[in-house]
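Residues per chain are reported as follows:
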Amino acid sequence: MTNNEALSAKALTLISHKLRTPLSIINGYSEAVLSQAEKENFSPFTTKALGEINKQGTRMSALVDKLMAFNQAMTADASSLEKQTVTLKPLIKECATKAISLEGDEALPTQSKEKGVKRGTFIEIDCSTQLTLQANEPMLRSCVCELLANAIKFNTKLEKIIKVQGVHHGDSISISVRDYGIGIRPQDVAKIFEPFYQVDDYFTGQVTGWGLGLAMVQRILDLHHGSISVVSDRGLGSIFTLSFPV
Ligand SMILES: Nc1ncnc2c1ncn2[C@@H]1O[C@H](COP(=O)(O)OP(=O)(O)OP(=O)(O)O)[C@@H](O)[C@H]1O
Ligand SMILES: [Mg+2]
């Protein structure tokens, strides 16, 4: 790491820490006051305003957490990375449950014209219960969670089908996440791994996030001497594949 990179990383850590405390106070107090709304007979305007403060505060906390996680991955050292034996299927299941529970707040507006279609997000998991991988567990978890969050977020369908597959093939183990969402044009595919890049013709300010998720996933794969690849096209959805050497 160069001196400038070390300085930027230090600045990011400091900024994240400094923002965390006031944000948790804003979120904690707004939630506490909001819980009194009925008892104290707040006006609809006051209740709405408090709800919005709490929602945006929670959103900002998530942004700060993401910034910290990105910074941690960028400054981690491959030679001293702690690895464990991770059983993939339960990890994928946990990430799927988390991704579905966080859905809604971040998603692009859904296509209301798709009438008669089932609503909801359905994550299918195809992975042997025996499949294990030597990896840094929290980092692996973030990778799968990031890919699932994207598969849900960049998808305007009412019924979102996502397929996650874990396979051991030859000398590698791969985890792929397939969605049938908006997809990515060929000219954008290489750029989406750059930090802070978000494809902007559908980025209307409604999509939250930093554009850091994939840059972080790529860094984590580098730390594991693995790789990430994507097959996608506009309108057809995407398949992101993480590949780990065995
Ligand atoms: N599954 C996907 N389908 C379509 N576009 C995608 C998909 N995944 C990523 N992208 C595009 O790649 C960009 C970068 O993705 P990345 O995960 O790094 O950032 P983000 O999701 O916008 O923000 P963050 O992850 O920081 O919350 C996205 O903004 C989006 O334009
Ligand atoms: Mg993302």
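Keep in mind the model is a prediction, meaning the values are calculated, not measured. Here the residue index of a chain counts from 1 through its sequence in written order. Chains and ligands are labelled by the order in which they are written, letters from A for the one and numbers from 1 for the other. pLDDT decides what is reported in this predicted model: residues at 70 or higher carry local features, side-chain atom pairs at 80 or more are listed and counted, and totals for whole chains, interfaces and linings draw on all residues regardless. Calculated side-chain values reflect all of the structure's heavy atoms, with hydrogen atoms and water omitted.

With respect to the overall build of the protein chain
Rules: The secondary structure listing takes helices from DSSP runs of H or I that are at least 4 residues long and strands from runs of E that are at least 2 residues long, numbered from the N terminus. Based on C-alpha atoms, the radius of gyration is set beside the globule rule, defined as 2.2 Å times the residue count to the power 0.38. Any residue under 20% of the maximum accessible area for its type is buried, any over 50% is exposed, and the rest in between are partly exposed; the area is computed with a 1.4 Å probe on protein chains only. The criterion used for residue contact is that any of the two residues' heavy atoms lie within 4.5 Å. For the accessible areas, the method is Shrake-Rupley and the probe is 1.4 Å, while residue cover comes only from the protein chains on display. A positive count includes Lys and Arg, and a negative count includes Asp and Glu. His and the chain ends are not counted in either. By convention, the point assigned to a charge is CZ for Arg, NZ for Lys, CD for Glu and CG for Asp.
Summing up its helical and strand segments, the protein chain has six helices and seven strands in all. Scanning the protein chain from its N terminus toward the C terminus, one meets helices and strands in the order α-α-β-α-β-β-α-β-β-α-α-β-β. By the compact-globule yardstick of 18 Å for 246 residues, the protein chain fits well, its C-alpha radius of gyration being 20 Å. For the protein chain, the spread of C-alpha atoms along the principal axes amounts to about 65 × 55 × 40 Å. Here the protein chain holds 246 residues, and 37% of them are scored as buried. The long-range fraction of contacts in the protein chain, counting pairs at least 24 apart against all pairs at least 6 apart in sequence, stands at 74%. Per element, the accessible surface of the protein chain, about 13900 Å² overall, is 56% carbon and sulfur. Of the charged side chains in the protein chain, 26 are positive and 26 negative, and the gap between their average positions amounts to 3 Å.

Considerations on the sheet that holds strand β5 (residues 172–179)
What counts is decided by this rule: Between any two strands, at least two bridges found by DSSP are needed for them to pair. Throughout, an axis means a line fitted to C-alpha atoms (over the contacting stretch in the case of helices), and angles, computed between N-to-C directions, take values from 0 to 180 degrees.
Spatial ordering of the open sheet is given by β2-β4-β5-β7-β6, a layout of five strands whose pairing is mixed. This sheet does not close on itself; its edge strands, each paired only once, are β2 (120–127) and β6 (227–233). The mean angle between the axes of side-by-side strands here comes to 15°, regardless of whether they run parallel or antiparallel. Where β2 and strand β4 (residues 159–169) come together, eight bridges link them in parallel fashion.

Some words on the packing of aromatic side chains
Quick note on the threshold: Only rings of Phe, Tyr and Trp enter the pairing, Trp through its six-membered ring, and a pair is recorded when the two centres are within 6.5 Å. The plane angle decides the type: under 30 degrees is stacked, over 60 is edge-to-face, the rest tilted.
Tallied over the entire structure, the rule returns two aromatic pairs. With 6.4 Å between their ring centres and 80° between their planes, F196 and W210 make a pair best called edge-to-face. Here F196, found in the loop between α5 (186–189) and α6 (213–223), pairs with W210, found in the loop between α5 and α6; they are 14 residues apart in sequence, far enough to count as distant. These aromatic residues form a ring-pair network of at least three members: F70, F196 and W210.

Some points on the site of ligand 1
To be explicit about the condition: Only heavy atoms are used to decide nearness, and a residue is near a molecule or strand if one of them lies within 4 Å of it. Two N or O atoms count as a polar contact when they lie within 3.5 Å, although within protein this holds only if one can serve as hydrogen donor and the other as acceptor, and sequence-adjacent residues are included solely when both atoms are side-chain atoms.
Lining the immediate surroundings of ligand 1 are 22 residues, of which K66, N150, Q198, L212 and L214 lie closest. Residue K66 places a side-chain N or O atom 2.9 Å away from an oxygen atom belonging to ligand 1. The contact in question runs from an oxygen atom of ligand 1 to an N or O atom on the side chain of N150, over 2.8 Å. Notes on ligand 1: free accessible area 600 Å², of which the protein chains cover 98%. Mapped by element, the contributors of at least two residues to the shell around ligand 1 are α4 (137–153), α6 and β7 (237–245). Among the elements that make up the shell around ligand 1, the one with the highest residue count is α4 (three residues).

Considerations on the pattern of salt bridges
Stated formally: Think of a salt bridge as a Lys or Arg side-chain nitrogen and an Asp or Glu carboxyl oxygen that are within 4 Å of each other.
Going through the model one piece at a time under the given rule, you end up with five salt bridges. Notably, a salt bridge pairs R185 with D188, separated by 2.9 Å at the nearest N-O pair. For D188, a relative accessible area of 3% puts it in the buried group. Connected through shared salt-bridge partners, E94, E137 and R141 make up one network.

A look at the environment of F70
Within the element layout of this structure, F70 appears in helix α2 (residues 44–75). Exposure remark for F70: the relative accessible area of 6% places this residue in the buried category. A C-alpha to C-alpha distance of 7.7 Å links F70 and G213, two positions 143 residues apart in sequence.

What to know about the domain arrangement of the protein chain
Our working rule: An automatic or database domain assignment provides the domain bounds reported here. When residue character is reported, Ala, Val, Leu, Ile, Met, Phe, Trp, Tyr, Cys and Pro are called nonpolar, Asp, Glu, Lys and Arg charged, and the others, Gly included, polar.
Structurally, the protein chain comprises domain 1 (3–75) and domain 2 (82–245). Of note, the centres of domain 1 and domain 2, computed from C-alpha atoms alone, are 25 Å apart. Opposite the nine residues of domain 1 that make contact, domain 2 presents 14 residues. Viewed at the interface, domain 2 and domain 1 are joined by one salt bridge. The residue K66 makes a salt bridge to E146 at a minimum N-O spacing of 3.1 Å. Of the residues that constitute the side of domain 1 that touches domain 2, the class distribution is six nonpolar, no polar and three charged.

Looking at the layout of surface pockets
The cut-off we apply is this: The rule is simple: put a 1 Å grid over the protein atoms alone, call a set of points where a 1.4 Å probe fits but cannot get out a cavity, call an open set with protein on both sides within 12 Å along at least five of seven lines a pocket, and count a residue as lining if it has an atom within 4 Å of a point. Grid points are joined across faces, edges and corners, and a volume is the space filled by probe spheres set on the points.
Roughly 190 Å³ of internal volume is contained in the second largest pocket. Lining of the second largest pocket is provided by K83, T85, L131, T132, L133, Q134, H168, I173, H224, F244, P245 and V246. Of all the elements in the fold, those that place two or more residues in the lining of the second largest pocket are β3 (132–135) and β7. Split by residue class, the lining of the second largest pocket holds six nonpolar, five polar and one charged.

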